[in-house]
Amino acid sequence: SGSWKHCSFIISPPICLSLIQAACIPVLLSNGWELPFSEVIDWSKSAIVGDERLLLQIPSTVRCLPSDKILAFQQQTQFLWEAYFSSVEKIVQTTLEIIKDRIFHQASRPRFFWNTLPGGLLALPEYSTHLSDFPFYYLQQGSSPSSKFTALIRAVSPVVSLSQPILKLIQAVSRSPYCAQIIVLWSCEKPPPLSTKWPQTAVPLTIIHASSKVSDRFLPYSAIGTEAVLSLDEQTSLSTGEVDFAFMVWRSFPDRIVGFPMRSHFWDTSRNQWSYTSKWTNEFSMVLTAAAFYHRYYHSLFTNYLPVRIRSFVDQIANCEDILMNFLVSAITKLPPIKVTQKKQHRDAPLPQLLKSAPPSNRNLRFSQRQECVNQFAAWFGYMPLVHSQFRLDPVLFKDQVSVLRKKYRHLERD
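Residues numbered from 1 in each chain as written. Predicted model: local features only at pLDDT ≥ 70, side-chain atom pairs only at ≥ 80, totals over all residues. Heavy atoms only, no water.

Draft legend 1. Representation of the sheet that holds strand 10 (residues 273-277) in the model. Here we have three strands laid out as an open sheet, ordered 10-9-11, and antiparallel in their pairing. Each edge of the open sheet carries a strand with a single partner, namely strand 10 and strand 11 (286-287). Sheet topology places strand 9 (residues 262-268) next to strand 10; five bridges connect them, and they run antiparallel. Looking across to strand 10, one finds that histidine 265 is bridged to tyrosine 276. (Pairing = 2+ DSSP bridges. Helix = DSSP H or I, 4+ residues; strand = E, 2+ residues; numbered from the N terminus.)

Draft legend 2. Inspection of the packing of helix 9 (residues 297-304) against helix 11 (residues 321-333) at higher detail. Their axes nearest at 11 Å, the elements helix 9 and helix 11 cross at an angle of 105°. Judged by the angle between their axes, helix 9 and helix 11 are roughly perpendicular. Judged by residue contacts, Tyr298, Leu301 and Phe302 of helix 9 engage Glu321, Leu324, Met325, Leu328, Val329, Ile332 and Thr333 from helix 11. Split into classes, the residues belonging to the contact of helix 9 with helix 11 amount to eight nonpolar, one polar and one charged. (Axes fitted to C-alpha atoms, helices over the stretch in contact; angles between N-to-C directions. Parallel < 35°, antiparallel > 145°, perpendicular 65-115°, else oblique. Contact = heavy atoms within 4.5 Å. Nonpolar A, V, L, I, M, F, W, Y, C, P; charged D, E, K, R; others polar.)

Draft legend 3. Molecular detail of the environment of leucine 17. Within the secondary structure layout, leucine 17 lies in helix 1 (residues 13-21). Leucine 17 sits 64 residues away from tryptophan 81 along the chain, and the two C-alpha atoms are 7.5 Å apart. The contact partners of leucine 17, leaving out residues within four places of it in the chain, are Trp81 and Phe85.

Draft legend 4. The arrangement of the pairing of strand 2 (residues 25-28) in detail. Burial along strand 2 is two-sided: the residues Ile25 and Val27 and Pro26 and Leu28 are all buried. Sheet topology note: the strand 2/strand 3 (residues 48-49) ladder contains two bridges and is parallel. Looking at the pairing, valine 27 lines up with isoleucine 48 of strand 3. (Buried < 20%, exposed > 50% of the residue type's maximum accessible area, 1.4 Å probe, protein only.)

Draft legend 5. Structural context of the nonpolar core. Tyr298, Leu301, Ile323, Leu324, Met325, Phe327 and Phe377 are the most contacted members of the largest nonpolar core, which has 49 residues in total. For this core, the secondary-structure elements that each account for two or more residues are strand 5 (179-186), strand 11, strand 12 (291-295), helix 9, helix 10 (308-317), helix 11 and helix 12 (360-381). With eight residues, helix 11 is the largest single contributor of residues to this core. In this structure leucine 324 touches Phe302, Leu306, Ile310, Val314, Phe377 and Phe381, once residues within four positions along its chain are discounted. (Core = buried A, V, L, I, M, F, W, Y, C linked by side-chain atoms within 4.5 Å.)

Draft legend 6. Highlighting the state of the cysteines. In the structure shown here, the tally under the stated rule is one disulfide. In this model cysteine 320 forms its disulfide with cysteine 373; the gap between the sulfur atoms is 2.1 Å. Residues cysteine 320 and cysteine 373 are joined through a disulfide that is right-handed, its torsion about the S-S bond being 90°. Of this pair, cysteine 320 sits in the loop between helix 10 and helix 11 while cysteine 373 sits in helix 12; the two residues are 53 residues apart in sequence, bridging distant segments of the chain. Cysteine 373 matches cysteine 320 in its accessibility class, with the two residues each being buried. (Disulfide = S-S within 2.5 Å.)

Draft legend 7. Structural detail: the pairing of strand 5. Burial analysis of strand 5 places seven of its eight residues in the buried class, which makes it a mostly covered element. Of the strand pairs in this sheet, strand 4 (residues 149-155) and strand 5 are connected by seven bridges, and their pairing is parallel. Residue pairing across strands places arginine 154 opposite leucine 185, the latter belonging to strand 5. The parallel pair strand 4 and strand 5 is bridged by helix 7 (residues 165-174), and the resulting crossover is right-handed. Of the strand pairs in this sheet, strand 5 and strand 6 (residues 205-209) are connected by five bridges, and their pairing is parallel. Considered in strand 6, the bridge of valine 184 is made with isoleucine 207. (Right-handed = clockwise from strand over helix to strand, strands pointing away.)

Draft legend 8. Highlighting the sheet that holds strand 12. Taking strand neighbours across the sheet as the criterion, the eight strands line up as 6-5-4-7-12-8-13-14 in an open arrangement whose pairing is mixed. Looking at which strands have only one partner, the edges of the open sheet turn out to be strand 6 and strand 14 (392-393). Each of strand 4, strand 7 (228-233), strand 8 (258-259), strand 12, strand 13 (338-340) and strand 14 touches helix 8 (residues 240-252); the most contacted strand, strand 12, lies at about 30° to it. Where helix 9 meets the sheet, its contacts fall on strand 4, strand 7 and strand 12, and the angle it forms with strand 12 comes to roughly 85°.

Draft legend 9. Seen up close, the packing of aromatic side chains. With the rule as written, the count across this model stands at 28 aromatic pairs. Plain terms: the ring middles of phenylalanine 112 and tyrosine 137 are 5.5 Å apart, the flat faces sit at 70° to each other, and that makes the pair edge-to-face. Taken together, the positions of phenylalanine 112 in helix 5 (residues 111-114) and tyrosine 137 in the loop between helix 5 and helix 6 (138-141) put the pair 25 residues apart, joining distant regions of the chain. Judged by relative accessible area, tyrosine 137 falls into the buried class, the value being 0%. Where phenylalanine 218 meets phenylalanine 302, the ring centres are 4.8 Å apart and the plane angle is 55°; that geometry is what we call tilted. Residue phenylalanine 218 is found in the loop between strand 6 and strand 7, and its partner phenylalanine 302 is found in helix 9; the two are separated by 84 residues along the sequence. The exposure classification of phenylalanine 218 matches that of phenylalanine 302, with both residues buried. Site record: aromatic cluster; members linked through ring pairs are Phe112, Phe113, Tyr127, Phe134, Phe136, Tyr137, Tyr297 and Tyr298. (Phe/Tyr/Trp six-rings, centres within 6.5 Å; stacked < 30°, edge-to-face > 60°.)

Set out below in structure tokens:
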């Protein structure tokens, strides 16, 4: 019948892998058969294992499978294929990680990690082996992330005036009741101001000296003591209300990037390549980390999972680290980022030396670099992981013609 037409009988392991690639459900009839990576993969969730001595009972068993279970089996086969078998590189990497888990058994990944999205290869045991420390498993646990965040501001320009945007930004963020600490990542050649020159805040303000590498903003700093990270550029302008609302949204989507400035990509048929656009439309595929929340685990993945050559590439051109983070998160979650409210004024940040009277040629260079980055990253990932979305979250009654006293985030409409 149509409900089990995708089930297939197999006689050898190579055929088994071909079947799961095609979203078929393998039916295994070989007593004592050792399945690939069975040490960590629970094949009972993706294959029907039968006794070869009861061959005649298999057809009726297959016909009795409900449609929802067939769908679950097919989804699991696709997950296993993409996570562990889709390339020689992934097969080798899976083998090495299983061996590493054997050697370092005390720090090995639970079997749950290997059989649940995004898979064992993306749950780094160096970071943690506890489900609650990762952004992917809150739903299975029925829990929520902690109610505090760390603001991480990358500073590339010297502070010479009390009216500079970074000082106003620190004050606005520090007034959020959800802010646990503010970290300024000082990537400027000149020394930072004395502690007395920084704004007085109700939360700890920490200065961390960093190099000029743009990828340094995504290092797994031990000073980040919360699950949520609010990534900010020094030129970003946000109000306390915007920060509060975006954080509340992130707590409902802790595996995604949630923020304000959006960008998109599209396939340019005339040039036969991917293109990057900053045009304001109803569709987007990236939320830039100039003003965005995400889980701190993505710092560990960015630093320890992505190859050195691709991080060196963004450091060399001093550009595109925000695009790369979007590629990484979308490749893991298979989902788009989340945009909140209507922040239109953000522009792609220029180099520090271009902040004043930058000629159009320099701005064009920065934009063309970002065009090239989209193609470079897609080539490395082997496909385009970015997902388009038209989904934006606004506060309840946002810009509705009702009394402002009925609106929780009433100040957002005036910011």
